[in-house]
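Remarks on the overall topology
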Amino acid sequence: MNTSATPSRHDSRRLRVAIYAPHFAEYSYRLASGLARHCDVRLVLNRKDANQQWELADIAVAKTFDTRVRDLSLRRGGAIGIPASFLDIISFRPDVIHCHEVPEIYTSRLVQLLRPLGIPLALTVHDAIPHSEGGSGTSPREDGWRGRMRSSASLITTHGESCIGDFRRASPHFKGKVISSMHGVLMVPPTQSAVTEPESGRILFFGRMWAYKGLDVFIDAIDLLARRGVAHEAIVAGRGPEMTRLGGRMEAMPTVKAINAYISPKETGRLFQSATVVALPYKDASQSGVLASAYGNSRPVVASATGGIPDVVTDGVNGLLVPPGDAAALADALERVLTSKPLAAALSDGARETAIGLLNWDRIADGLLPSYYKLAGRTVS
């Protein structure tokens, strides 16, 4: 574990934080915006990831920060982009570096390069334990990358208290500090755009279609709704193995519309805005960017009570919780939202309040500052 610099109580210069983000571009941009109110920030993004996510130019920024966008592929320009991105970080002379833990080579290589320099590393662990069926996955090589990142970190951030417990079980020998730092809202409509009214009866299932997301459970629940005569329209939008495995069944269901394609940020925003409720029937989970996007668009969720989801979803306040893998319970909860306008309105209000409270990026950034200052050996100015 890296050691921090010698404390200096009289160092009044602004803290310098570098964020290295080959993935999670929108997340990192919104975090950088929150931090820039108090720190000098340099954000390094992967061009491909940045282009596929939310329109970053539409995100309101109170104070500007330095953003570098590099080609971090291992083909074409990556031969130049990857070392250039490392230089972007080091030349900034940061007091703290913040990275995401992802099972890939870029961040692992950067962490190894930085370790002898003694710059404290904060590492956001999105999935302390790999998902049971698909997703981030695990292999000996990926386990090695994770192990090197975690052993080099001085601070681990996870998305909720439940995720802290998962991390401690997965990495019992980690001696540094582990804190909860929530997954802030995503895909928030631009300030100049009015929030549109949802389509009556529309349920959205969105994201990367891995088995742990519970698409099969969702389809079973939609089949139950149809048999009960509950008016609804189910939109399943995203790509992944489950779209192939379950595609034929969805085609035969008249109330299901499957969109098995890349979905632009603009169209993604429309999908969330059009939904009455967003379904997250995950079989296991840490936290969810889909959940953050639902709340960012003031849309309630029906979600599995698994992992860190109950740290954000309060049953009956901003969504409804159901047992994972229980299609009947999922159908019951969806039916409640679809058939009760007062309930849907109350849950939407709760989602909006959660977005501007618990999942607000300025609040999240403020919560990280004391740990950053401690890593840098300085008192909060």
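The present account deals with the structure reproduced in this document.

Conventions used here
- Residues numbered from 1 in each chain as written.
- Predicted model: local features only at pLDDT ≥ 70, side-chain atom pairs only at ≥ 80, totals over all residues.
- Heavy atoms only, no water.
- Helix = DSSP H or I, 4+ residues; strand = E, 2+ residues; numbered from the N terminus.
- Buried < 20%, exposed > 50% of the residue type's maximum accessible area, 1.4 Å probe, protein only.
- Pairing = 2+ DSSP bridges.
- Right-handed = clockwise from strand over helix to strand, strands pointing away.
- Core = buried A, V, L, I, M, F, W, Y, C linked by side-chain atoms within 4.5 Å.
- Polar contact = N/O pair within 3.5 Å; in protein donor to acceptor, adjacent residues only side chain to side chain.
- Contact = heavy atoms within 4.5 Å.
- Salt bridge = Lys/Arg side-chain N within 4 Å of Asp/Glu carboxyl O.

**Focus on the environment of Gly-118**
Along the chain, Gly-118 turns up in the loop between α4 (105-114) and β5 (121-125). A relative accessible area of 31% means that Gly-118 is categorised as partly exposed. Along the sequence, Gly-118 and Val-96 sit 22 residues apart, while their C-alpha atoms lie 9.9 Å from each other.

**Observations concerning the pairing of strand β1 (residues 16-21)**
Extensive coverage of β1 is indicated by the burial of five of its six residues. With six bridges connecting them, β1 and strand β2 (residues 40-46) associate as parallel partners. Bridging from a neighbouring strand, Ala-21 pairs with Leu-45 of β2. Following the backbone out of β1, through helix α1 (residues 25-35) and into the adjacent parallel β2, one traces a crossover that is right-handed.

**Topic: the nonpolar core**
Grouped together as the largest cluster of nonpolar side chains are 62 residues, with contacts concentrated most on Leu-31, Leu-35, Val-278, Tyr-295, Val-301 and Tyr-372. In terms of residue count, helix α13 (residues 361-375) provides more of this core than any other element does, eight residues in total. Judged by nonpolar contacts, the second largest core, of 34 residues, contains Met-209, Val-217, Val-277 and Leu-330.

**Section: the side chain of Gln-287**
Mapped onto the secondary structure, Gln-287 falls in the loop between β11 (277-280) and α10 (289-296). In this structure the side chain of Gln-287 is engaged in a polar contact, spanning 2.3 Å, whose partner is the backbone oxygen of Gly-308. In this structure Gln-287 touches His-159, His-183, Gly-308, Ile-309, Asp-311 and Val-312, once residues within four positions along its chain are discounted.

**A look at the pattern of salt bridges**
Summed over the entire model, instances satisfying the criterion amount to 24 salt bridges. Ionic pairing is found between Arg-227 and Asp-223, a salt bridge with its closest N-O pair at 3.0 Å. Within this pair, Arg-227 and its partner Asp-223 are both found in helix α7 (residues 215-228), separated by four residues, close to a single helical turn. Taking the relative accessible area as the measure of exposure, Arg-227 reaches 66% and is therefore exposed. When the shortest N-O distance is used, the salt bridge between Asp-332 and Arg-228 registers 2.8 Å. Here Asp-332 is found in helix α11 (residues 327-339), whereas its partner Arg-228 is found in helix α7, with 104 residues between them in sequence. For Asp-332, a relative accessible area of 39% gives the class partly exposed. By relative accessible area, Arg-228 is classed as partly exposed at 37%.

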